[in-house]
Amino acid sequence: MDVHERGMLDQDTWENFFDVKKIFAMLKLNNRVHDVVELGCGYGTFTIPAAEIISGKIVAVDNDPEMIRLTSERIQQHRLENVEVIQRDFIATGSSVKNRSMEYVMLFNILNADNQQILFKEAKRVLKKWGQVAVLQWNNEADMPDGFDIAESPRPEQCREWARAAGLGFVGQFDIKPYHCGMVFVKGNTLKSSWTMGK
Ligand SMILES: C[S@@+](CC[C@H](N)C(=O)[O-])C[C@H]1O[C@@H](n2cnc3c(N)ncnc32)[C@H](O)[C@@H]1O
């Protein structure tokens, strides 16, 4: 099965690949987190469950009108009042989220070779001090089920270098078996972040 031009499979197939609870637990997206932005919300696969656990608001940005429509529909179905959906090309024009206003940025299945510097810089711009950037992507080493052809993801060491260049500290890397890899970065000194202080 090929990925669509969006870099995604059809919604059911896509969502079957993700154990959202496990991913959030590993990347510490939980009720201690207040304001969140997801750059590239897609079907809302992570937007909706994130809105259900965080203690504040989530801003979901995507430039594809169909993704915006689907995510908005799910928000209504779940009667969520803490999600703002923005249709916007955050590579061309930025996310429109205020400087230093967010605690957590989700870069889930969105990094590629053309956009990474802009995305990490945008993430840093919108984060408050000690805010976190979580990256989720396909693990290129994983054995995909027969017939699946997922576009190659940037290597984790490459992502760490991009984040470092944007001025973000590396916190940790997680093998989210069977198919994914997660990374967390912080705006500020890694040694003083909540991860290392046990919050
Ligand atoms: C592979 S999907 C991932 C969606 C979601 N983060 C997930 O993991 O389920 C990438 C999404 O990013 C959106 N996207 C890609 N480039 C974008 C851009 N420059 N501005 C806004 N959205 C973008 C696409 O429309 C698509 O919905």
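The structure under discussion appears in the preceding block.
What counts and what doesn't
- Residues numbered from 1 in each chain as written.
- Predicted model: local features only at pLDDT ≥ 70, side-chain atom pairs only at ≥ 80, totals over all residues.
- Heavy atoms only, no water.
- Helix = DSSP H or I, 4+ residues; strand = E, 2+ residues; numbered from the N terminus.
- Buried < 20%, exposed > 50% of the residue type's maximum accessible area, 1.4 Å probe, protein only.
- Areas by Shrake-Rupley, 256 points an atom, 1.4 Å probe, with all protein chains shown as cover.
- Phe/Tyr/Trp six-rings, centres within 6.5 Å; stacked < 30°, edge-to-face > 60°.
- Lys NZ or Arg CZ within 6 Å of the ring centre and 35° of its normal.
- Pairing = 2+ DSSP bridges.
- Right-handed = clockwise from strand over helix to strand, strands pointing away.

Bringing the overall build of the protein into the picture now. Helix and strand content of the protein: 7 helices and 7 strands. Mapped from its N terminus to its C terminus, the protein presents α and β elements in the order α-α-β-α-β-α-β-α-β-α-β-α-β-β. Seen through its C-alpha atoms, the protein measures out along the principal axes to roughly 45 × 40 × 30 Å. Relative to its full complement of 199 residues, the protein shows a buried share of 51%. Per element, the accessible surface of the protein, about 10100 Å² overall, is 46% carbon and sulfur.

Moving on to the packing of aromatic side chains. Centre-to-centre distance and the angle between the planes together describe a pair of aromatic rings. Enumeration according to the criterion identifies 10 aromatic pairs in this entry. Ring centres 5.8 Å apart and planes at 70° place the aromatic pair W14 and W138 in the edge-to-face group. Here W14, found in helix α1 (residues 11-16), pairs with W138, found in strand β5 (residues 127-138); they are 124 residues apart in sequence, far enough to count as distant. Each member of the pair, W14 as well as W138, is classed as buried. Centroid distance F24 to F46: 6.2 Å. Interplanar angle 50°. Geometry classified as tilted. Here F46 lies in the loop between β1 (36-39) and α3 (47-53) and F24 lies in helix α2 (residues 20-26), a separation of 22 residues in the sequence. F46 carries the same exposure label as F24, and that label is buried. R160 extends its terminal NZ or CZ atom over the ring of F170, reaching a point 5.2 Å from the ring centre.

Bridging between strand β2 (residues 58-62) and strand β3 (residues 83-87) involves 5 bridges; their strand directions are parallel. Bridge pairing in β3 places D62 opposite Q87. In the classification by handedness, the crossover that spans β2, the intervening helix α4 (residues 65-77) and the parallel β3 is right-handed.

From the geometry alone we can't say anything about function, so treat these as descriptive.
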